[in-house]
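# Examining the three-dimensional arrangement
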Amino acid sequence: MSDSVPNKAFYDRANQFINVANEHNQDPEIKTGEISASFMYSLSRYNAWFGSTGFESAEQMQQKKADMMEYYVEEYRKMLEGNMDDYIANFDQYRKTQK
(Lines give C-alpha, C1' and ligand atoms only; values in the text may rest on other atoms or scores of the structure.)
Protein backbone atom coordinates (compact mmCIF):
# COMPACT_ATOMS: atom_id res chain seq x y z
CA MET A 1 0.00 0.00 0.00
CA SER A 2 2.87 2.29 0.89
CA ASP A 3 2.58 5.19 -1.59
CA SER A 4 -0.86 4.53 -3.04
CA VAL A 5 -3.96 6.44 -2.01
CA PRO A 6 -6.64 4.06 -0.71
CA ASN A 7 -9.92 4.04 -2.59
CA LYS A 8 -13.44 3.64 -1.19
CA ALA A 9 -13.32 -0.16 -1.52
CA PHE A 10 -10.21 -0.20 0.70
CA TYR A 11 -12.05 1.65 3.47
CA ASP A 12 -15.22 -0.43 2.98
CA ARG A 13 -13.21 -3.62 3.54
CA ALA A 14 -11.46 -2.15 6.56
CA ASN A 15 -14.80 -1.09 8.03
CA GLN A 16 -16.17 -4.60 7.58
CA PHE A 17 -13.28 -5.97 9.66
CA ILE A 18 -13.78 -3.26 12.27
CA ASN A 19 -17.50 -4.06 12.42
CA VAL A 20 -16.69 -7.70 13.23
CA ALA A 21 -14.40 -6.55 16.06
CA ASN A 22 -17.11 -4.18 17.29
CA GLU A 23 -19.64 -7.02 17.34
CA HIS A 24 -17.33 -8.99 19.63
CA ASN A 25 -16.88 -5.86 21.73
CA GLN A 26 -20.58 -5.97 22.61
CA ASP A 27 -20.02 -9.13 24.67
CA PRO A 28 -19.36 -7.99 28.24
CA GLU A 29 -17.44 -11.23 28.90
CA ILE A 30 -14.75 -10.28 26.36
CA LYS A 31 -12.23 -7.58 27.19
CA THR A 32 -11.50 -5.04 24.45
CA GLY A 33 -7.78 -5.85 24.70
CA GLU A 34 -8.54 -9.49 23.91
CA ILE A 35 -10.38 -8.44 20.76
CA SER A 36 -7.47 -6.23 19.74
CA ALA A 37 -5.01 -9.09 20.31
CA SER A 38 -7.14 -11.48 18.23
CA PHE A 39 -7.43 -8.87 15.50
CA MET A 40 -3.65 -8.36 15.41
CA TYR A 41 -3.02 -12.12 15.43
CA SER A 42 -5.41 -12.69 12.54
CA LEU A 43 -3.78 -9.94 10.49
CA SER A 44 -0.30 -11.32 11.15
CA ARG A 45 -1.49 -14.81 10.22
CA TYR A 46 -3.04 -13.52 7.00
CA ASN A 47 0.09 -11.54 6.11
CA ALA A 48 2.29 -14.59 6.69
CA TRP A 49 0.06 -16.58 4.33
CA PHE A 50 -0.05 -13.76 1.78
CA GLY A 51 3.72 -13.40 1.93
CA SER A 52 4.13 -17.11 1.28
CA THR A 53 2.21 -16.91 -2.00
CA GLY A 54 5.12 -15.19 -3.70
CA PHE A 55 7.55 -18.06 -3.20
CA GLU A 56 8.14 -21.55 -4.52
CA SER A 57 9.76 -22.87 -1.34
CA ALA A 58 10.17 -22.28 2.39
CA GLU A 59 13.85 -21.58 1.74
CA GLN A 60 13.00 -18.72 -0.62
CA MET A 61 10.59 -17.30 1.91
CA GLN A 62 13.18 -17.60 4.69
CA GLN A 63 15.64 -15.59 2.59
CA LYS A 64 13.13 -12.73 2.29
CA LYS A 65 11.62 -12.98 5.78
CA ALA A 66 13.52 -9.98 7.21
CA ASP A 67 12.52 -7.79 4.25
CA MET A 68 8.88 -8.82 4.57
CA MET A 69 8.91 -8.21 8.32
CA GLU A 70 10.42 -4.75 7.83
CA TYR A 71 7.78 -3.89 5.21
CA TYR A 72 4.79 -5.00 7.28
CA VAL A 73 6.02 -3.41 10.50
CA GLU A 74 6.77 -0.11 8.76
CA GLU A 75 3.40 -0.03 7.01
CA TYR A 76 1.60 -0.81 10.28
CA ARG A 77 3.58 1.90 12.06
CA LYS A 78 2.57 4.49 9.44
CA MET A 79 -1.09 3.47 9.58
CA LEU A 80 -1.14 3.41 13.38
CA GLU A 81 0.54 6.81 13.58
CA GLY A 82 -1.98 8.29 11.13
CA ASN A 83 -4.92 6.85 13.04
CA MET A 84 -3.50 7.99 16.39
CA ASP A 85 -3.08 11.52 15.00
CA ASP A 86 -6.66 11.41 13.70
CA TYR A 87 -7.99 10.31 17.10
CA ILE A 88 -5.99 13.01 18.88
CA ALA A 89 -7.31 15.68 16.50
CA ASN A 90 -10.91 14.43 16.83
CA PHE A 91 -10.78 12.97 20.34
CA ASP A 92 -13.94 14.50 21.80
CA GLN A 93 -16.02 13.81 18.69
CA TYR A 94 -14.90 10.17 18.39
CA ARG A 95 -15.03 9.26 22.07
CA LYS A 96 -18.52 10.62 22.70
CA THR A 97 -19.94 7.92 20.42
CA GLN A 98 -18.02 5.05 22.02
CA LYS A 99 -18.67 3.02 25.14
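Scroll up to find the structure.
Residues numbered from 1 in each chain as written. Predicted model: local features only at pLDDT ≥ 70, side-chain atom pairs only at ≥ 80, totals over all residues. Heavy atoms only, no water.

### Examining the pattern of salt bridges
Using the following cut-off: Definition used for salt bridges: Asp or Glu carboxyl oxygen within 4 Å of a side-chain nitrogen of Lys or Arg. The helix and strand labels rest on DSSP assignments: H or I over at least four residues marks a helix, E over at least two residues marks a strand, and numbering proceeds from the N terminus. Exposed residues in this analysis have more than 50% of their type's maximum accessible area, buried residues have under 20%, and partly exposed residues fall in between, with area computed by a 1.4 Å probe over protein chains only.
A full pass over the atoms with the stated rule returns 5 salt bridges. Notably, a salt bridge pairs Arg 77 with Glu 74, separated by 2.8 Å at the nearest N-O pair. Of this pair, Arg 77 and Glu 74 both sit in helix H3 (residues 58–89), 3 residues apart, roughly one helical turn. By relative accessible area, which is 40% here, Arg 77 ends up partly exposed. Glu 74 gets classed as partly exposed once you look at its relative accessible area, which sits at 32%. In the salt-bridge network here, residues are joined through shared partners; they are Glu 74, Arg 77 and Glu 81.

### What to know about the environment of Ala 89
Examined against the element boundaries, Ala 89 turns out to sit in helix H3. Residues Ala 89 and Tyr 72 lie 17 residues apart in sequence; the distance between their C-alpha atoms is 26 Å.

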